[in-house]
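Residue-level structural notes
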Amino acid sequence: MNKLKEVAEKYIGQTEISGNKGFNDKKFEKKLKEVGWDVGLAWCSFFAEACAKEAYPEKVKEFDKLFSGSATATYKNFELAGYKVSQTPEVGNLAVWRYGNTWKGHIGIVVETTDTNYKTVEGNTNDGKGREGYIVAKHSHSLFAPLQPAGLNLIGFINPVK
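Attention here is on the structure that accompanies the text. Just so it is clear, the model here is predicted, and its values are computed rather than measured. (Residues numbered from 1 in each chain as written. Predicted model: local features only at pLDDT ≥ 70, side-chain atom pairs only at ≥ 80, totals over all residues. Heavy atoms only, no water.)

1. Here's the deal with the pattern of salt bridges
Put simply, the test is: The salt bridge criterion pairs a side-chain nitrogen of Lys or Arg with a carboxyl oxygen of Asp or Glu, the two atoms within 4 Å. Starting at the N terminus, helices and strands are each numbered in turn, a helix being any DSSP run of H or I of at least four residues and a strand any DSSP run of E of at least two. Burial classification: accessible surface area is computed with a 1.4 Å probe over protein chains only, and a residue below 20% of its type maximum counts as buried, one above 50% as exposed, and the rest as partly exposed.
Evaluated as defined, the whole model comprises twelve salt bridges. Of the charged contacts, one joins lysine 30 and glutamate 34 as a salt bridge, the two residues approaching to 2.8 Å between their closest N and O atoms. Here lysine 30 and its partner glutamate 34 are both found in helix α2 (residues 26–34), four residues apart, which amounts to about one turn of the helix. In terms of burial, lysine 30 and glutamate 34 fall into one category: exposed. Among the salt bridges present, the one from glutamate 49 reaches lysine 53, with a minimum N-O distance of 2.8 Å. Taken together, the positions of glutamate 49 and lysine 53, both in helix α3 (residues 44–55) and four residues apart, correspond to about one turn of that helix. Its relative accessible area of 13% is what places lysine 53 among the buried residues. What emerges from the salt-bridge pattern is a single network uniting Lys5, Glu9 and Lys138.

In C-alpha cells:
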C-alpha cells in the first residue's frame, strides 16, 4: 500500500469549526498548525503537506521548500524542483486544480485510479452536499472533465517522491 494514501485515508471525517476557525480534533489542528496553517486560512494545502510529511518523514526539510498554503504555488514549486508532474494519476500523487483562470486552487491526494476516474482524499472540502469546505472527505473525479471557466480545472498530478 502507498504510504501517502494510507496516511490521508486515516483522516477522513476530520472536521473544522465553521469559518476556518480551528478543528474539532485538537490533535489534528496541532498537526496542521505545525505545517503553517492558522485561523482563517483555507487548509487543503496544509492538509496535503501534513500528510506528505507524515508519510515521508525523511523528506520534511525538502517539503518545507516545496509546499505552500497555495495549491497552485505548490504545483509550480514541485515542477520547478524537477519532480514528476503529469496528466495521468497514480496512487499517492497530489492532484492539483485551479479555479477558472485564477491563482486560487485546490489540492488532494490520489487514493484510487481507473481508466476514466480517480479518487482523492481532500481537506477543506465537503461531503458533496454543498460548496463550503469543512471536512476531510473522499471524492471521485473524471479524467475527462470539461474545462469550467468559473470552476475547478485539473492542472495535473505531482509524484511527491520523484
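2. So, the sheet that holds strand β4 (residues 94–99)
How we decide: Between any two strands, pairing holds if DSSP finds at least two bridges. Any two residues having at least one pair of non-hydrogen atoms within 4.5 Å are treated as being in contact. A fitted line through C-alpha atoms serves as each axis, taken over the contacting stretch for helices, and the angle formed by two N-to-C directions is quoted from 0 to 180°.
Read from one edge of the open sheet, six strands run β3-β8-β4-β5-β6-β7, paired in antiparallel fashion. At either end of the open sheet lies a strand with only one pairing partner, and these are β3 (85–86) and β7 (135–142). Alignment of β4 against strand β5 (residues 105–113), held across five bridges, turns out to be antiparallel. Bridge pairing in β5 links alanine 95 to glycine 108. Here α3 sits on the sheet in contact with β4, β5, β6 (117–125) and β7, set at roughly 45° to β5.

3. Concerning the side chain of threonine 74
With respect to the helices and strands, the residue threonine 74 is situated in helix α5 (residues 71–80). Assessed through its relative accessible area of 0%, threonine 74 is described here as buried. Beyond its immediate stretch of four places on either side in the chain, threonine 74 contacts Ser45, Leu66, Phe67, Ser68, Ile107 and Ile158.

4. Some words on the nonpolar core
We count it as follows: For our purposes a nonpolar core is just a set of buried Ala, Val, Leu, Ile, Met, Phe, Trp, Tyr and Cys residues, chained together by side-chain atoms within 4.5 Å.
One finds Leu32, Phe47 and Leu94 to be the most contacted residues of the largest nonpolar core, which totals 35 residues. Mapped onto this core, the elements with two or more residues apiece are α1 (3–9), α2, α3, α4 (60–66), α5, β4, β5 and β8 (152–158). Broken down by element, this core gets its largest block of residues, eight residues, from α3. Contacts of phenylalanine 47, omitting those with residues within four sequence positions, involve Ala8, Tyr11, Phe28, Leu32, Ile109, Val121, Glu122, Gly123 and Val136.

5. Digging into α3
Selection criterion: An expected span of 1.5 Å times one less than the residue number is assigned to each helix.
End to end, α3 covers 17 Å across twelve residues, agreeing with the expected 16 Å (1.5 Å per residue, within 8%). Most of α3 sits inside the fold, with eleven of its twelve residues counted as buried. Inspection of α3 places Cys44, Ser45, Phe46, Phe47, Ala48, Glu49, Ala50, Cys51, Ala52, Lys53 and Ala55 among the buried residues, and these make up the whole buried set.

6. Some details on the pairing of β6
Sheet faces and side chains relate simply in a regular strand, where the side chains alternate between the two faces. By the criterion of burial, β6 is predominantly enclosed, with seven of the nine residues buried. Pairing analysis gives five bridges linking β5 to β6, with the strands arranged antiparallel. Within the sheet, the bridge partner assigned to threonine 113 lies in β6 and is tyrosine 118. Hairpin connection between β5 and β6: a loop of three residues separates the two successive antiparallel strands. Pairing of β6 with β7, which is carried by seven bridges, proceeds in the antiparallel orientation. Considered in β7, the bridge of threonine 120 is made with histidine 139.

Functional significance is not addressed by these values, which are geometric in nature.
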